[in-house]
Amino acid sequence: TSSLTADAVIDKERMDSFHAHLSKSTRVLSLLGAGLSATSGLPTFRGAGGLWRTHDSISLATPEAFDANPGLVWQFYSYRRHMAMQAQPNAAHYALAELSRKMPGFMTLSQNVDGLSQRADHPREQLQLLHGTLFEVRCMDRDVCRYGPEANFTDPICPALAIPTGADPTSNEARKGISEYLHTKHQGKDLDISDAAVPLPDLAPEDLPICPQCKKHLLRPGVVWFGESLPSEVLQTVDDFINQPEKIDIIIVIGTSAKVYPAAGYIEEARDKGARVCVVNMDENDRPSGGWEEGDWFFKGDAAQIVPRLLE
Ligand SMILES: CC(C)NC(=O)[C@H](Cc1c[nH]c2ccccc12)NC(=O)[C@H](CCCC/N=C(/NCCC(=O)O)S[C@H]1O[C@H](COP(=O)(O)OP(=O)(O)OC[C@H]2O[C@@H](n3cnc4c(N)ncnc43)[C@H](O)[C@@H]2O)[C@@H](O)[C@H]1O)NC(=O)OCc1ccccc1
């Protein structure tokens, strides 16, 4: 052990005490955030200062933004669908799925809409998608048409949302308005449209995905926008799990800034049911706002590295 740094020693002690508690646990919750998928190459909400191009990501994820400029919001979501489809689940996604198979009383609450937990074969009945998924669509008209949610993995979901690729700047397929520099730099590859330097066309509603049922209204991504309530069946399932008479042993909070509600509120609800809190985060300042209590664990670092060790 002499070779182990002081940190590693403490880390080992904390890991051992966590393992001891997990081995005695039967009811465990996990709350997942964008940091879980960071190592899979997906930008977090806070990453890049919370901006997509020049827009505040949170303000783009609202019904108001979609009403004001559905083209821009669809470009935002089509980009994230494209990125998520290019990405692969990482070791943490698989470790969470594995623990679910081993522990019937393990329930995962995900804020992520990237579909990576599902692609890691996380048992569906033990995975609650609090904020929906990028890979479902439904009609904007929730009163009459009510089409969806329907699974949709088409990329691009319509031709106008195709991600521009860099081309030989002298060729006529080089998209106009994109600098020779960008074409040359990204020849044959996707242009990174999260970079405001890449011009994006203004899209008219008729260029966007139209509801196949009413053939009148636009389709929208199957995510929960700010100001919208979470899916009632998901809220019910989570409440039913939390409100069972037995105590909750642990809540594992992974890669989230825990600033969005009601998701972040589940940490305190679990604590009220006797749970000890275990946080895995790259940034020690991102501890749950409910404050720190004796017996809580904090593991600083990359979720893809730490979570498999935690759940082994
Ligand atoms: C901004 C916040 C203050 N606002 C809210 O919470 C609002 C308003 C509100 C409601 N109650 C409140 C109480 C108090 C204050 C505000 C409110 N909540 C809502 O609007 C909710 C809806 C909220 C859901 C919004 N949709 C999302 N996503 C889908 C769309 C989309 O994705 O586009 S939220 C979205 O943002 C959040 C981003 O947070 P994180 O995932 O944590 O990501 P972030 O980038 O912030 O942090 C990453 C973390 O990872 C760490 N990290 C990075 N790399 C790694 C690494 N490698 N390893 C480990 N960790 C790492 C970093 O250090 C960091 O800590 C996630 O929840 C994500 O899903 N709806 C609602 O309340 O409706 C009411 C209602 C009720 C009935 C009827 C009508 C209405």
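Here's a quick rundown of the structure. (Residues numbered from 1 in each chain as written. Predicted model: local features only at pLDDT ≥ 70, side-chain atom pairs only at ≥ 80, totals over all residues. Heavy atoms only, no water.)

If you walk through the whole model with that rule in mind, you get 8 salt bridges. The partner of arginine 220 in a salt bridge is glutamate 228, with the nearest N and O atoms 2.7 Å apart. Classification of arginine 220 as buried rests on a relative accessible area of 2%. The buried category is assigned to glutamate 228, whose relative accessible area is 19%. Residue arginine 271 is joined to glutamate 293 by a salt bridge in which the shortest nitrogen-to-oxygen separation is 3.7 Å. Taken as a pair, arginine 271 in helix α9 (residues 265-272) and glutamate 293 in the loop between β10 (276-281) and β11 (297-300) lie far apart in primary sequence, 22 residues in all. (Salt bridge = Lys/Arg side-chain N within 4 Å of Asp/Glu carboxyl O. Buried < 20%, exposed > 50% of the residue type's maximum accessible area, 1.4 Å probe, protein only. Helix = DSSP H or I, 4+ residues; strand = E, 2+ residues; numbered from the N terminus.)

Close to the ligand lie 35 residues; Arg46, Tyr77, Arg80, Gln111 and Asp286 are nearest. In the environment of the ligand, an oxygen atom lies 2.7 Å from a nitrogen or oxygen atom belonging to the side chain of threonine 256. At a separation of 2.7 Å, an oxygen atom of the ligand approaches a polar side-chain atom of serine 257. Compared with its free state, where it exposes 1,500 Å², the ligand has 73% of that area covered by protein. Residue composition of the shell around the ligand, grouped by class: 15 nonpolar, 13 polar and 7 charged. (Near = heavy atom within 4 Å. Polar contact = N/O pair within 3.5 Å; in protein donor to acceptor, adjacent residues only side chain to side chain. Areas by Shrake-Rupley, 256 points an atom, 1.4 Å probe, with all protein chains shown as cover. Nonpolar A, V, L, I, M, F, W, Y, C, P; charged D, E, K, R; others polar.)

Mapped onto the elements of the fold, proline 104 is located in the loop between α5 (91-102) and β4 (106-110). Sequence spacing of proline 104 and proline 156 is 52 residues, and the spatial spacing of their C-alpha atoms is 38 Å.

Our next topic: the packing of aromatic side chains. Aromatic ring pairs are described here by two measures, namely the spacing of the ring centres and the angle between the planes. With the rule as written, the count across this model stands at 8 aromatic pairs. Aromatic pair phenylalanine 66 and tryptophan 225: ring centres 5.3 Å apart, planes at 35 degrees, arrangement tilted. One end of the pair, phenylalanine 66, is in helix α3 (residues 63-68); the other, tryptophan 225, is in the loop between β8 (219-223) and α8 (232-242), with 159 residues separating them in the sequence. On the accessibility criterion, phenylalanine 66 (2% relative accessible area) is buried. Aromatic rings pair up to connect Trp52, Phe66, Phe76, Tyr77, Tyr79 and Trp225 into one cluster. (Phe/Tyr/Trp six-rings, centres within 6.5 Å; stacked < 30°, edge-to-face > 60°.)

This part takes up the nonpolar core. Core analysis: the largest hydrophobic core is formed by 38 residues, its most contacted members being Trp52, Trp74 and Tyr77. Here this core takes 7 residues from helix α4 (residues 70-86), the largest share from any one element. Residues within four places of tryptophan 52 in sequence aside, it is in contact with Ser57, Leu60, Leu72, Gln75, Phe76, Tyr79, Ile193, Ser194 and Leu200. (Core = buried A, V, L, I, M, F, W, Y, C linked by side-chain atoms within 4.5 Å. Contact = heavy atoms within 4.5 Å.)

Okay, a nonpolar patch on the surface next. Residues Phe45, Ile58 and Phe226 make up a contiguous nonpolar surface patch of roughly 230 Å² in combined accessible area. Here isoleucine 58 lies in helix α2 (residues 57-60). A residue is classified by how much of its surface remains accessible, and isoleucine 58, at 38% relative accessible area, is partly exposed. (Patch = residues over 30% accessible without salt bridge, like charges linked within 9 Å, V, L, I, M, F, W, Y side chains within 5 Å.)

Pairing in this open sheet of 3 strands is antiparallel, and the strands run β7-β6-β8 from one edge to the other. Every interior strand has two partners, whereas the edge strands, β7 (150-151) and β8, have only one. Inspection of the sheet shows strand β6 (residues 132-139) paired to β8 by 4 bridges, in the antiparallel sense. Bridging across to β8, valine 137 finds its partner in proline 221. (Pairing = 2+ DSSP bridges.)

In short, the description is geometric, and any link to function would need to be established separately.
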